[in-house]
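Now for the letters of each chain:
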Amino acid sequence: MTIQLPDSTGALRTYEPRPEPLAVTPGTPFASRTVFSAAHVVADPFADVSPDSPAAVDWDATLAFRRHLWSHGLGVAEAMDTAQRGMGLDWAGAAELIRRSAAEAKAVGGLIACGVGTDQLTAGSLAEVRAAYEEQLALVEEAGAQAILMASRALAATASGPEDYLEVYGHLLRQAAEPVILHWLGPMFDPALEGYWGSSDLDAATDTFLEVIAAHPDKVDGIKVSLLDAQREIDLRRRLPQGVRCYTGDDFNYPELIAGDEQGFSHALLGIFDPLGPLAAEAVRVLDTGNAVGFRELLDPTVELSRHLFQTPTRFYKTGVVFLAWLAGHQSHFTMVGGLQSARSLPHFARAYELADGLGLFPDPKLAEERMKNLLALYGVTQ
């Protein structure tokens, strides 16, 4: 088996796919870390929609993928950035996704946490931002899931300074029924979130973030940090109140952050664990035995793929995630809500295929090869 793959210059190179996948087996949740995979949604390829239409979701395939993640012991972080919140999936679609996934989690005993935002709004007053957050928080709590308070584009556009963030988040935390996860998503993932927590100075923003937590430590289970800055996450992790966890969202540096150091470690809530699910689960089980070296030996080689998928413009990493799910056989097509399958280039797809195949991520390497060749043929590359 060989396949001709294009590079960024248009030249073709011969690649020999891996004959067998990595051997992994499903298993129970982990002992040493809490690990969530943010999960993508599967579009309905037969829906007659445009990129501006409300998302048409294949619910059966979407929920089947979540069962796949749960079967390996991973938690599911639902209706997050990876599920194209604000990039094809609107609040109505996200609400339905939360209801369905929370019910499925209850049926199979899976761990789930769901994103709470303000995407009913494009802009609004602070009172309207609070009300939008409250509506979504109520739905997530009613569904029986843990809440993840996501960064809000509307709040970023409306807030005049740190005091507005303290007021809005304080209001929400006081009324939350159970401890929540606070999510700090950097502007590399969403440019509309520039200056979140009231400042573009990350040191000042961090102080405000920690002030929110310090005022309500009993209502904060943990924080998810997606700034792609390992040292900043470590410094922040060391300043958290006792009992408040750090869930890394750093898709560039996750092995070292999860492994930790003599002063602590990060749990995980990662979009890259959507395609890496079984391999990541295998690595964390090794870590559960106290074997940090073995954990790094399994997970370190995945970083090149992750950095490729999350390369600038980082917000389009979802395209690579869904592309790999198609190659791996988790869905029958490579179509995305909002038409986002067009957001990456053919050389980008070719390299993603090569890296993922090299890691043994495809349960059926022959199927992945055939699908990759079909995609190449659509672009005019003959084998």
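Residues numbered from 1 in each chain as written. Predicted model: local features only at pLDDT ≥ 70, side-chain atom pairs only at ≥ 80, totals over all residues. Heavy atoms only, no water.

Caption draft 1: A look at the overall build of the protein chain. Secondary structure assignment for the protein chain yields 14 helices and 10 strands. Here the protein chain has a C-alpha radius of gyration of 20 Å; the compact-globule value for 383 residues is 21 Å, and the two agree. C-alpha atoms of the protein chain, sized along the principal axes, occupy 60 × 50 × 45 Å. Counting the 383 residues in the protein chain, one finds 56% classified as buried. Counted over contacts in the protein chain with a minimum sequence separation of 6, partners at least 24 positions apart contribute 70%. For the protein chain, the accessible area works out to roughly 14900 Å², and carbon and sulfur atoms hold 51% of it. Between the centroid of the 29 positive side chains of the protein chain and the centroid of its 50 negative side chains there is a distance of 2 Å. (Helix = DSSP H or I, 4+ residues; strand = E, 2+ residues; numbered from the N terminus. Rg over C-alpha atoms; globule rule 2.2 N^0.38 Å. Buried < 20%, exposed > 50% of the residue type's maximum accessible area, 1.4 Å probe, protein only. Contact = heavy atoms within 4.5 Å. Areas by Shrake-Rupley, 256 points an atom, 1.4 Å probe, with all protein chains shown as cover. Lys, Arg positive; Asp, Glu negative; His and termini not counted. Charge placed at Lys NZ, Arg CZ, Asp CG, Glu CD.)

Caption draft 2: Molecular detail of the pairing of strand β10 (residues 267-270). Because side chains alternate across β10, one face comprises the buried residues H267 and L269, and the other comprises A268 and L270, equally buried. Taken together, strand β9 (residues 245-248), helix α8 (residues 254-259) and β10 form a β-α-β motif whose crossover is right-handed. (Right-handed = clockwise from strand over helix to strand, strands pointing away.)

Caption draft 3: Looking closely at the pattern of salt bridges. Summed over all chains, the structure comprises 20 salt bridges. A salt bridge links R237 to D261; the nearest nitrogen and oxygen atoms lie 3.6 Å apart. Taken together, the residues R237 in helix α7 (residues 230-238) and D261 in the loop between α8 and β10 connect sequence positions 24 residues apart. Of the residues examined, R237 reaches a relative accessible area of 10% and is grouped as buried. (Salt bridge = Lys/Arg side-chain N within 4 Å of Asp/Glu carboxyl O.)

Caption draft 4: Local environment of unusual backbone geometry. Here the bond from T312 into P313 is cis, since omega is -5°, no more than 30 degrees from zero. Residue position: P313 is located in the loop between α11 (303-309) and α12 (317-327). With a phi angle near 70°, Q84 is a residue other than glycine that sits in the positive phi range. Structurally, the position occupied by Q84 is in the loop between β4 (75-78) and α2 (91-108).

Caption draft 5: Structural view of the pairing of strand β8 (residues 220-226). Across the 7 residues of β8, 7 count as buried, placing the element largely inside the fold. Both strand β7 (residues 180-185) and β8 contribute to a ladder of 6 bridges, which runs parallel. Within β8, the position partnered with L185 by the bridge is S226. A crossover connection joins β7 to the parallel β8 through helix α6 (residues 202-215); in handedness this β-α-β unit is right-handed. Here 4 bridges tie β8 to β9, and the two strands are oriented parallel to one another. Directly across from I223, in β9, lies its bridge partner C246. Between the parallel elements β8 and β9, the chain passes through α7 in a crossover that is right-handed. (Pairing = 2+ DSSP bridges.)

Bear in mind that shape data such as this cannot, by itself, settle questions of function.
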